Amino acid sequence: MQFSHHNRHKLLHALAENSYDVLVIGGGITGCGIALDAALQGMRVALIEKNDFAFGTSSRSTKLIHGGLRYLKQLEFKLVRDVGTERAVVHRNARHLVVPEKMLLPIVRHGSLGELSTSAALLVYDLLAGVKRSEWRKMLNRHDTLRAEPLLDPTRLLGGGLYYEYRTDDSRLTIEIAKKAFSLGAVLVNYLQAEKFIYEKNKICGVIAIDPFTGNEITIRATAVVNAAGPWVDLLRKKDNSLQGKRLQLTKGVHLVFPHEKLPVRQAIYFDVPDGRMIFAIPRQNITYVGTTDTVYHDDIDHPLCTEEDARYLLHAVNAMFPSVHLQISDIISSWAGLRPLIHEDGKSPSELSRKDEVIISANGLISIAGGKLTGYRLMAQKTVNLLRKYIAKKFNNLSTRHIKLSGSEFEDEEHFLAQERTLTHLAQQTGIAPHTAREWFYRYGSNTDVLIRYVSQLTAQGTDLNTAIRHAEWLYALEHEMVMHPSDFFVRRTGKLFFDRAASLHQVHPFTQFLAQHTGIPAHQAYAMEQETLRAYHDAVRFIA
């Protein structure tokens, strides 16, 4: 069975008719990671998500698999070691999505980083994270740092450090994890909201969920229920009447997107600002994005937005580090804002709160997991599944996701990866697809790119012009293999076009919505509402500019 919108009714029927070992609520990277690990052990797994997969924090991060260098300042050595060593694991798990990225750390006069302390910190970082020696940090003098990045302020610059992190697409990483879990037998459904818990003998044993497309209720039964709802974790704990003791502290992180010519950095830069935060500036194709902020958040969890205050904070930080660029608010072409579900600690500022994950178990047996970082999702899943073994009186496999290959990343080694890239690029060119499109697809879909090329061949053979065939092939893949149910699923979370290719995405929203309606049979009024919601998301990304 394909992970397709066509099979939604079959999956809903399976949820209603079967009983599961574990039901996961939340389709972000933590929830999907738990579903994957549990399915690998042979558990019967169900997962439901009230919006789309990766709707929340898992599509709104800095899009890096990094070890958290700044956490050394807080002496969180175990956290740095754990997530640092995970970088290489996630890279192997999803080679097409997790790409090594050189990072430059400038050392400036009156900054929080000194030359000796930076050198020592980067060395400790490399050692804790188990970085291979060829990627160990390299300290640069002032001249070499300026040569590496001429935009830096020469009047303040003292030197710099070069080290490696990994760039990723957070929402695509999440969907590839979901697809892999599905291939191992897990039942995952987006747009299905947990409305009410059900209990037997005062122990949680499932949920009543609502399908927003039909209004139908579905009862899902499971031996164990895991609350992996990210920023919504405490709302589910409240439904369970167990919101006491430890609670979440939501903090907002904002990113701004600029045309690359407005901020033409040569590689990713990680720099400090006077208030003690660290900011990233990351080039990606034709854009550069900058982030992030860290402020306490109490507003609408479903729709965090960048404000003018957030934007001006980041603009001030960037202009201070790169004084020749003179960025203005009108230079911003997009933005996104995400929420960190951290564990509240009295007396600590948002930036001081620990990024460590925590499991909270209620008296009724609801297992909630919160905190953590994108990079550490696999370890969080492993911890949760080890706990589930104690709850479920069955014998399961004892397998690790450490060496698993996610969907699209079934490569034996680096040589095989590069050979596949060449082969698929050549195959695409034979079909008329430009090399840059083939490469874009390969680093989005990996080995699954062959499916898109096949769709292009089929469509052109039926008389569709090449450009339309290329566009429709990607749309068809999203519907048939990635459970897209809404235009924003495609433009925000499957491709990121709403943030990184806005001009093209604006013109494609209407034809995509028509394509979606044609293939799914959704009524015209529902398709119109979806289109308007997607356009609102498009305009929300720059609403503060007006």
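A brief report on the enclosed structure follows.

Thresholds applied
Residues numbered from 1 in each chain as written. Predicted model: local features only at pLDDT ≥ 70, side-chain atom pairs only at ≥ 80, totals over all residues. Heavy atoms only, no water. Helix = DSSP H or I, 4+ residues; strand = E, 2+ residues; numbered from the N terminus. Rg over C-alpha atoms; globule rule 2.2 N^0.38 Å. Buried < 20%, exposed > 50% of the residue type's maximum accessible area, 1.4 Å probe, protein only. Contact = heavy atoms within 4.5 Å. Salt bridge = Lys/Arg side-chain N within 4 Å of Asp/Glu carboxyl O. Phe/Tyr/Trp six-rings, centres within 6.5 Å; stacked < 30°, edge-to-face > 60°. Lys NZ or Arg CZ within 6 Å of the ring centre and 35° of its normal. Axes fitted to C-alpha atoms, helices over the stretch in contact; angles between N-to-C directions. Parallel < 35°, antiparallel > 145°, perpendicular 65-115°, else oblique. Left-handed = near helix turned anticlockwise from the far one by under 90°. Nonpolar A, V, L, I, M, F, W, Y, C, P; charged D, E, K, R; others polar. Pairing = 2+ DSSP bridges. Core = buried A, V, L, I, M, F, W, Y, C linked by side-chain atoms within 4.5 Å.

Notes on the overall build of the chain
In step 1: Counting its secondary structure elements, the chain contains 17 helices and 18 strands.
In step 2: The C-alpha atoms of the chain give 23 Å as radius of gyration, which agrees with the globular expectation for 546 residues (24 Å, within 12%).
In step 3: Each of the three principal axes of the chain carries a C-alpha extent, and together these read 70 × 60 × 50 Å.
In step 4: Within the chain, the fraction of its 546 residues that count as buried is 61%.
In step 5: Taking as baseline every contact in the chain between residues at least 6 positions apart, the subset at least 24 positions apart corresponds to 72%.

Considerations on the pattern of salt bridges
In step 1: Scanning all chains against the criterion turns up 31 salt bridges.
In step 2: Residues E101 and R167 are paired through a salt bridge, measuring 3.0 Å at the closest nitrogen-oxygen approach. One end of the pair, E101, is in strand 4 (residues 99-108); the other, R167, is in strand 6 (residues 157-167), and 66 residues separate them in sequence.
In step 3: Classification of E101 by relative accessible area gives buried; the value is 10%.

Looking at the packing of aromatic side chains
In step 1: Summed over all chains, the structure comprises 22 aromatic pairs.
In step 2: Measuring from centroid to centroid gives 4.9 Å for F3 and F182, while their planes differ by 50 degrees, and the two rings are tilted. Within this pair, whereas F3 is found in the segment before helix 1 (8-17), its partner F182 is found in helix 6 (residues 170-183), the two being separated by 179 residues in sequence. Accessibility classification places F3 together with F182 in one group, the buried group.
In step 3: Taken together, W475, F490, F491, F512 and F515 form an aromatic cluster joined through their ring pairs.
In step 4: Taking the ring centre of F55 as reference, the NZ or CZ of R60 above it sits at 5.1 Å.

A short note on the side chain of R172
In step 1: Tracing the backbone shows R172 in helix 6.
In step 2: Not counting chain neighbours up to four residues away, the residues in contact with R172 comprise L97, K179, R444, Y445, E482, R493 and R494.

Section: the packing of helix 16 (residues 502-520) against helix 17 (residues 524-540)
In step 1: With their axes 9 Å apart at the nearest point, helix 16 and helix 17 run at an angle of 165 degrees to one another. Considered as vectors, helix 16 and helix 17 are oriented roughly antiparallel to each other. Judged by the twist between their axes, the crossing of helix 16 over helix 17 is right-handed. Residues R502, A503, S505, L506, V509, H510, T513, L516 and A517 of helix 16 lie in contact with helix 17, whose contacting residues are A527, M530, E531, T534, L535 and Y538.

A closer look at the packing of helix 2 (residues 29-40) against helix 6
In step 1: Taken N-terminus to C-terminus, the directions of helix 2 and helix 6 make an angle of 25 degrees; their axes are 8 Å apart at the nearest point. Comparing the axis directions of helix 2 and helix 6 gives the class roughly parallel. In this structure, helix 2 crosses over helix 6, and the sense of that crossing is left-handed. Taken together, the residues of helix 6 that come into contact with helix 2 (itself represented by I29, C32, G33, A35, L36 and A39) are L173, T174, I177, A178, K180 and A181.
In step 2: Of the residues contributing to the contact of helix 2 with helix 6, the split by class is 9 nonpolar, 2 polar and 1 charged.

Quick notes on the pairing of strand 4
In step 1: Here strand 4 lies mainly inside the structure; 8 of its 10 residues are buried.
In step 2: Note that strand 4 and strand 6 share 10 bridges and pair antiparallel. What sits directly across from P100, in strand 6, is Y166.
In step 3: Judged from the 2 bridges that link them, strand 4 and strand 12 (residues 268-272) form a sheet pairing that is parallel. Bridging from a neighbouring strand, L104 pairs with I269 of strand 12.

Focus: the pairing of strand 14 (residues 287-291)
In step 1: With 5 of its 5 residues buried, strand 14 lies for the most part within the structure.
In step 2: Where burial is concerned, the two faces of strand 14 agree: the one with I287, Y289 and G291 and the one with T288 and V290 are both buried.
In step 3: With 5 bridges connecting them, strand 11 (residues 248-259) and strand 14 associate as antiparallel partners. Residue H255 lies in a different strand from strand 14, and its bridge partner there is G291.
In step 4: Where strand 13 (residues 278-284) lies against strand 14, 5 bridges are found, and the strand directions are antiparallel. Bridge pairing links A281 to V290 in strand 14.
In step 5: Hairpin remark: strand 13 followed by strand 14, antiparallel, with 2 residues in the connecting loop; positive phi at Q285, about 55 degrees.

Digging into the nonpolar core
In step 1: In this structure, L15, I48, L188 and I220 are the most contacted members of the largest nonpolar core, which totals 80 residues.
In step 2: Here this core gets 8 residues from one element, more than from any other, and that element is helix 2.
In step 3: With sequence-adjacent residues up to four places away left out, L188 is seen in contact with F3, L11, C32, A35, L47, F53, A178, A181, F182 and M483.

Section: the side chain of T425
In step 1: Looking at the secondary structure, you find T425 in helix 10 (residues 414-430).
In step 2: Residue T425 is classed as buried on the basis of its relative accessible area of 15%.
In step 3: For T425, the residues in contact, after removing those within four places along its chain, are P435 and A438.

Quick look at the environment of L173
In step 1: Mapped onto the elements, L173 comes out in helix 6.
In step 2: With 271 residues separating them along the chain, L173 and R444 place their C-alpha atoms 9.4 Å apart.

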